[in-house]
There are 4 protein chains.
Amino acid sequence: MIHSFKNDYSEMAHPNILNALAAVGNKQFEGYGLDEHSATAALLIQKKIKAPYSDIHFIAGGTHANLVLISSALRPHEAVIAAKSGHIYMHEAGAIEATGHKICIRDGQNGKLTVADIESVLDEHNGDEHMVKPKLVYLSLSTECGTVYTRAELGAITYFCRKNSLYLYIDGARLGNAVNSSACDMKYSDIASLADAFFIGGTKNGALFGEAIVICNEELQNDFRFLLKQRGGMLAKTAAIGVQFKELFSGDLYDKLAKHSNTMAMKLAKGIAGLGYEFLYPVETNLIIPIFPDEIAEKLHELYAFYDFQKFDDKTAVRLLTSWATSESIVERFVADLAALS
Amino acid sequence: MIHSFKNDYSEMAHPNILNALAAVGNKQFEGYGLDEHSATAALLIQKKIKAPYSDIHFIAGGTHANLVLISSALRPHEAVIAAKSGHIYMHEAGAIEATGHKICIRDGQNGKLTVADIESVLDEHNGDEHMVKPKLVYLSLSTECGTVYTRAELGAITYFCRKNSLYLYIDGARLGNAVNSSACDMKYSDIASLADAFFIGGTKNGALFGEAIVICNEELQNDFRFLLKQRGGMLAKTAAIGVQFKELFSGDLYDKLAKHSNTMAMKLAKGIAGLGYEFLYPVETNLIIPIFPDEIAEKLHELYAFYDFQKFDDKTAVRLLTSWATSESIVERFVADLAALS
Amino acid sequence: MIHSFKNDYSEMAHPNILNALAAVGNKQFEGYGLDEHSATAALLIQKKIKAPYSDIHFIAGGTHANLVLISSALRPHEAVIAAKSGHIYMHEAGAIEATGHKICIRDGQNGKLTVADIESVLDEHNGDEHMVKPKLVYLSLSTECGTVYTRAELGAITYFCRKNSLYLYIDGARLGNAVNSSACDMKYSDIASLADAFFIGGTKNGALFGEAIVICNEELQNDFRFLLKQRGGMLAKTAAIGVQFKELFSGDLYDKLAKHSNTMAMKLAKGIAGLGYEFLYPVETNLIIPIFPDEIAEKLHELYAFYDFQKFDDKTAVRLLTSWATSESIVERFVADLAALS
Amino acid sequence: MIHSFKNDYSEMAHPNILNALAAVGNKQFEGYGLDEHSATAALLIQKKIKAPYSDIHFIAGGTHANLVLISSALRPHEAVIAAKSGHIYMHEAGAIEATGHKICIRDGQNGKLTVADIESVLDEHNGDEHMVKPKLVYLSLSTECGTVYTRAELGAITYFCRKNSLYLYIDGARLGNAVNSSACDMKYSDIASLADAFFIGGTKNGALFGEAIVICNEELQNDFRFLLKQRGGMLAKTAAIGVQFKELFSGDLYDKLAKHSNTMAMKLAKGIAGLGYEFLYPVETNLIIPIFPDEIAEKLHELYAFYDFQKFDDKTAVRLLTSWATSESIVERFVADLAALS
């Protein structure tokens, strides 16, 4: 089988994760996230993000995390503000709308929402009761374009949101890649202090499955477990996610894995750039989008699996993802193959 | 920690399951259930249930399976018929109603819905457009009372449903315990031929997590993956569930584990009955509900963890569950402790 | 056509209503309830109910009023407590569930919910996050059985609700009949001080169409017009409802019409009782349910239109409604016809 | 009070409408649209639109008509395609999303959706189960920009929809203005043969309130009354709408009123154009959008009530609507006032 750069969840799980699960043996635990593994994992996360009063909930997947959190936070007429490239708008099969809420979109820049974007949504709606009431800003960190927000950018958004009674929610499916990006000057504690809620992605960073929802704003904490249950997100064996996050956050495994995939992407980008190719967006994390002439892209498709991202006249921007499991040798081979084709 | 008879998902996973996951190593797979592990698991299940044209979908949990399937099958005004003891009615936090559908309830008998129950719901509604339109019958096998349907009972329900254009959906969180019960004269293939859809529970029978939704009726198959995605149920690493079901169904592991928990429950029940205690419902699977004088129940609570099920004047019916991991010695100890208290 | 005692909305509208609408002529007004007719009507209602800080919203129908108010008041996991005979549970086609909320039912007495009923729902749920969270008590005044609550009964419910953080919402489709019943010792101002929200029915009391939603509890007032619009309930010509309520409440028309239908029902009941027949529930408003031998009921069906309410062995309880337009002569004729059949 | 050109529902109702309602007197009728007035009105409409097998349902308002029809037609993952200017996208407070469905938007031209727009939505989605499945095309006739589709334009859309299994639904809040526009070469029967469903607006064309939903496609007819009830749209006194539509369609009143408002708008537009002003969109119905220098627009606001539609550098496009009740003299006065200001 040819190697896939399609995504960062093509490999099962880091061995430590499976070992940690196996180490539990037949030791019994409480159901539905009330177990000691989940409790320990939550404490480790709270410590890492320096938010001892945050609420931590474990859930199996990211789309699910988004829809449970957002539908819990909003009244029926309240809406979400997102970039058009935001995962919830295009790639979650209408999950947010299925819970009853409209998503108000703006183009954004490099996959990032700006204060001006958010402001223009508010201006357009302006409290008119014939329209929805924008109430929650959704952004992805890192973004669907592989980019990250700086502290200044995110801080400006938070400041604007608080002034305008908007919640700020961050989809952190690739939060590790963001925080460990050299383009990002934020720590986990910065995210926790700037967002009302976010999730820390496990699925895309070496876990077998699972994400950790973090609710910082007390207003959003109330009764969340009811919502988690009602939407089908409260697993009987939530402990199986708790064990994984305990493993990821008891040492530096979570960051180590994110750093590795970032490093592999940088190496890949450097090799591609060295051959004279450009990128659609700044190269900042483990998702990079080089632009190749169509014939090069076609030939690469015979050698590797990856998705086309956007079509231009005679060029194609392609999306390449590295993961915690991507080896240096496969990166080198890709660059060598590209050099041979160029 | 005292031993828990609270439920059958108190232990992580059968070692074979974890070994199977580890055996994948870093071999890449496709995302969202389009991988070869899930495909192989689906084929094995189709073979086991003798339903080669059924659709198989993997999802993390049972409440989630129920809500995705039911909301996919119904138009907005259509409703579910269920026993009052049905899991979706009382213990899923309004998950079905949250997708917009009413549940019409009847008392049932021993946790089982009868044709007369279903008929009385139809009679009450009778096509009146000021009421909902009952369209799907939900039942659990084995039930929340630990009982099973016989082939005659289920067949009668199926016959009635087909005559009245009702779908029959079975919550099979404990399907293995049902099929392997001596009180049940059905095989998996009987279930598949009698139900329009059902799910085969992994979480409560030795898997780390995961359920296999089986859609037999072609009418219900269309576009199901859209629904799965929209409700947050399509995991990026669905392969992790596929691997587990491959392990459970490539040999007889699924049945072996279910038989073990049933056997442990029968042994437990026999010991309890031997001491002169009665049961609230027929003892048929791994969930049994003996009735103890209050003072006995209270003392048992100091020695073991379990839930009270129902209160009577000076007696308490308590719910005891055994699992694939329950040892013979703990069962014997319980009986001995009970004998000492009696 | 034979006379119908089926309901109290079989006649178009009291002449004053239509005259008031015609009197507006082509004088322009603002759209969506921001007109002066609606404002004046709201002030008249606030004065009548002695609740100057209540919010008044006009909507076309009762089912719609119920679903907009309830879905506005609740978070997704919160549920309604109602009597099994409550209109929202059986006769609104699952309208509440369609907005995502479960209705927890109790049998009630004579169509009335008791504090014990409500308490038993809370006891059953008890904060368990695997179940819904009961949050709003729904009751009808007068009830679907024609009965009314006394001030003591309603006061006890309000007291219990406030102690347990439950909202109390009253379906007042027949509020005029209740307040003007000799069995009811409450004024409109009592209702307004005991309920968090209610609606005053116009459709069943002489209006062409329309109900006035009254929101007393400030917590429930916020952004209500967004909800009204979103659910399709904010008519462009809300002024047409405003004009009607102005007419109904500028003098005593609303009470006069309700009194008339009550009086006709009492006269009818007295005549029926005089012939030796009994009633299923206390006779208190314009909806009465006498019990006739089957053969009498059948013969009456040839002479008058009405609904059977409940079947007994060889008897049938039938539902008879009088309206603001019911004449004394038709009542007398019914009694005479019944006497002839008896 | 200054004259309002804000909308076409600023006056109560044409006298014939109120007379027809009054003429019913106290004659009883069946509830919930099963009355003879509604039946007669439905037959008259079926005859007018030459669609004897269509289903006709009466409902109080347009937003409500849209949400009931659309939510009835779609499965949870199915979505709507609309122009960005479409009423359901921006001015119904998220009503469609509140029923669970996403609206996929395109810019359109002059408020009209093109086949290319629809095709581009399909191309973007392309059956990908991570996105919604576009299933219903929504368009307004006349549009929110006052424009109309030609038979060729609408026919092309219908042809494309049928080829691609899309439903075509038309918001006909101003259908009379469209059909009676000289720019529109369609009759009601053309609309009925090209759309799967549409509604005929009463509120904006002289009725007191009410719209007639027409369902042509048999697939969409099933069980519609359940949906109507469930969403709160089935009025007890639907007869009150039936009487109005009987009046509007027993002769030519509906067309006469629409023609009048169109004629007044054309006269107004001609006067404005004669003074050298341009229009944002083609002038085709009773909604016109001239562009004035800001200072003229400001002075006009002192003399007349109307909405600003769009801001340009030093100009403002303003929205002017005429109605069935607009007098020739007020139109002449507006033009004279504008001339004086120019």
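Just above sits the structure.
What this report covers is the structure whose coordinates are included nearby. (Residues numbered from 1 in each chain as written. Chains lettered and ligands numbered in written order. Predicted model: local features only at pLDDT ≥ 70, side-chain atom pairs only at ≥ 80, totals over all residues. Heavy atoms only, no water.)

Let's shift gears to the relation of the copies chain B and chain D. Once chain B is rotated about the relating axis by 180° and shifted along it by 0.0 Å, it coincides with chain D to within an RMSD of 0.0 Å. What the superposition gives is, in effect, a two-fold axis relating one chain to the other. Distance from the rotation axis, computed per C-alpha, reaches its smallest value in chain B at B:R75: 3.5 Å. When you check the interface residues of chain B against chain D, 100% turn up at the interface there too, and the contact is symmetric in its surfaces. (Least-squares fit on C-alpha atoms with pLDDT ≥ 70 in both. Contact = heavy atoms within 4.5 Å.)

For the pair chain D and chain C, the best superposition has an RMSD of 0.0 Å and corresponds to a rotation of 180° with a translation of 0.0 Å parallel to the axis. Comparing interface residues between copies, 100% of those in chain D also lie at the interface in chain C; the contact surface is shared.

Turning to helix α6 (residues 115–125) of chain D, a few remarks are in order. All names here are of chain D. Residues of α6 that are buried include every one of D117, I118, V121, L122 and H125, and no others. Buried residues of α6, viewed axially, fall in a sector of 135°; they line one side. Exposed residues lying more than 90 degrees from the buried face of α6 are A116 and D123. Residue N126 follows α6 closely and has a positive phi angle near 55°. (Buried < 20%, exposed > 50% of the residue type's maximum accessible area, 1.4 Å probe, protein only. Helix = DSSP H or I, 4+ residues; strand = E, 2+ residues; numbered from the N terminus. Arc of directions from axis to C-beta.)

In this complex, chain D contributes 52 residues to the contact, which on the side of chain C involves 52 residues. Carbon and sulfur atoms supply 59% of the area that chain D and chain C bury against each other, a total of about 4,200 Å² over both sides. Counting the surface chain D buries against chain C, the share from its top three residues, D:M12, D:Q28 and D:K237, is 20%. Across the contact surface, chain D and chain C share two salt bridges. Ionic pairing is found between D:E30 and C:K6, a salt bridge with its closest N-O pair at 3.0 Å. Connecting chain D to chain C are 27 residue pairs in polar contact (both at pLDDT 80 or more). Those elements giving two or more residues to the side of chain D that touches chain C turn out to be β1 (3–4), α1 (15–23), α3 (62–73), α5 (95–98), α10 (224–230) and α11 (239–250) of chain D. Looking at the side of chain D that touches chain C residue by residue, the class counts come to 27 nonpolar, 17 polar and eight charged. (Buried area = accessible area lost by both parts, 1.4 Å probe. Salt bridge = Lys/Arg side-chain N within 4 Å of Asp/Glu carboxyl O. Polar contact = N/O pair within 3.5 Å; in protein donor to acceptor, adjacent residues only side chain to side chain. Nonpolar A, V, L, I, M, F, W, Y, C, P; charged D, E, K, R; others polar.)

This brings us to the pattern of salt bridges. Tallied over the full model, the rule gives 48 salt bridges over all chains. Ionic pairing is found between A:E129 and C:R225, a salt bridge with its closest N-O pair at 2.6 Å. Taken together, the positions of A:E129 in the loop between α6 (115–125) and β5 (133–140) and C:R225 in helix α10 (residues 224–230) put the pair across two chains. In this structure, B:D255 engages B:K48 in a salt bridge whose closest nitrogen and oxygen atoms are separated by 2.9 Å.

In this section: the sheet that holds strand β4 (residues 103–106) of chain A. All names here are of chain A. In space, the seven strands of this open sheet follow the order β2-β8-β7-β6-β5-β3-β4, with mixed pairing throughout. Only two strands of the sheet have a single partner each, and these edge strands are β2 (55–59) and β4. Across the sheet, the axes of successive neighbouring strands diverge by a mean angle of 25°, strand direction being ignored. Note that β2 and strand β8 (residues 211–215) share five bridges and pair antiparallel. By the bridge assignment, I56 is partnered in β8 with V214. (Pairing = 2+ DSSP bridges. Axes fitted to C-alpha atoms, helices over the stretch in contact; angles between N-to-C directions.)

Right, let's get into the environment of C:C216. You can see C:C216 is positioned in the loop between β8 (211–215) and α10. Taking the C-alpha atoms as reference, C:C216 lies 20 Å from C:G61; in sequence the two are 155 residues apart.

All names here are of chain D. Packing of α11 against helix α12 (residues 253–274) leaves a shortest axis separation of 5 Å and a crossing angle of 75°. On the basis of the axis angle, α11 is roughly perpendicular to α12. Within the contact between the two elements, α11 uses E247, L248 and F249 and α12 uses L253, Y254 and L257. Residues belonging to the contact of α11 with α12 are distributed by class as follows: five nonpolar, no polar and one charged. (Parallel < 35°, antiparallel > 145°, perpendicular 65-115°, else oblique.)

A few words now on the side chain of B:H101. Along the polypeptide, B:H101 turns up in the loop between α5 (95–98) and β4 (103–106). Owing to a relative accessible area of 3%, B:H101 belongs among the buried residues under this scheme. Within the structure, the side chain of B:H101 is placed 2.9 Å from the backbone oxygen of B:E78, a separation counted as a polar contact. With residues up to four places along the chain from it excluded, the contact list for B:H101 reads B:S71, B:L74, B:R75, B:P76, B:E78, B:I96 and C:E97.

Let us look at the interface of chain B and chain D. When the parts of a complex come together, some accessible area is lost, and that lost area is often used as the size of the interface. Listed per partner, the contact involves 23 residues of chain B and 23 residues of chain D. Regarding the contact of chain B and chain D, the summed buried area is about 2,000 Å², with carbon and sulfur atoms giving 51% of it. Per-residue buried area on chain B facing chain D is highest for B:E129, B:H130 and B:F226; these three make up 33% of the total on that side. At the boundary of chain B with chain D, the tally comes to four salt bridges. Note that D:D223 and B:K133 form a salt bridge whose closest N and O atoms lie 2.7 Å from each other. For the pair chain B and chain D, the number of links is 12 residue pairs in polar contact (both at pLDDT 80 or more). Mapped by element, the contributors of at least two residues to the side of chain B that touches chain D are α3 (62–73) and α10 (224–230) of chain B.

Let us now look at the packing of aromatic side chains. Tallied over the full model, the rule gives 50 aromatic pairs over all chains. Here B:F5 and B:Y304 contribute two aromatic rings whose centre-to-centre distance is 5.7 Å and whose plane-to-plane angle is 55°, an arrangement assigned as tilted. Residue B:F5 is found in the loop between β1 (3–4) and α1 (15–23), and its partner B:Y304 is found in strand β12 (residues 304–305); the two are separated by 299 residues along the sequence. By relative accessible area, which is 0% here, B:F5 ends up buried. With a centroid separation of 6.2 Å and 45° between ring planes, the pair formed by C:Y138 and C:Y169 is classed as tilted. With C:Y138 in strand β5 (residues 133–140) and C:Y169 in strand β6 (residues 167–171), this pair connects stretches of sequence that are 31 residues apart. Classification of C:Y138 as buried rests on a relative accessible area of 1%. According to the relative accessible area criterion, C:Y169 is buried, its value standing at 1%. An aromatic cluster of three or more residues is present, and its members are A:F58, A:Y188, A:F245, A:F249 and A:Y254. Over the ring of B:Y89 we find C:K102; its NZ or CZ atom is 3.7 Å from the centre of that ring. (Phe/Tyr/Trp six-rings, centres within 6.5 Å; stacked < 30°, edge-to-face > 60°. Lys NZ or Arg CZ within 6 Å of the ring centre and 35° of its normal.)

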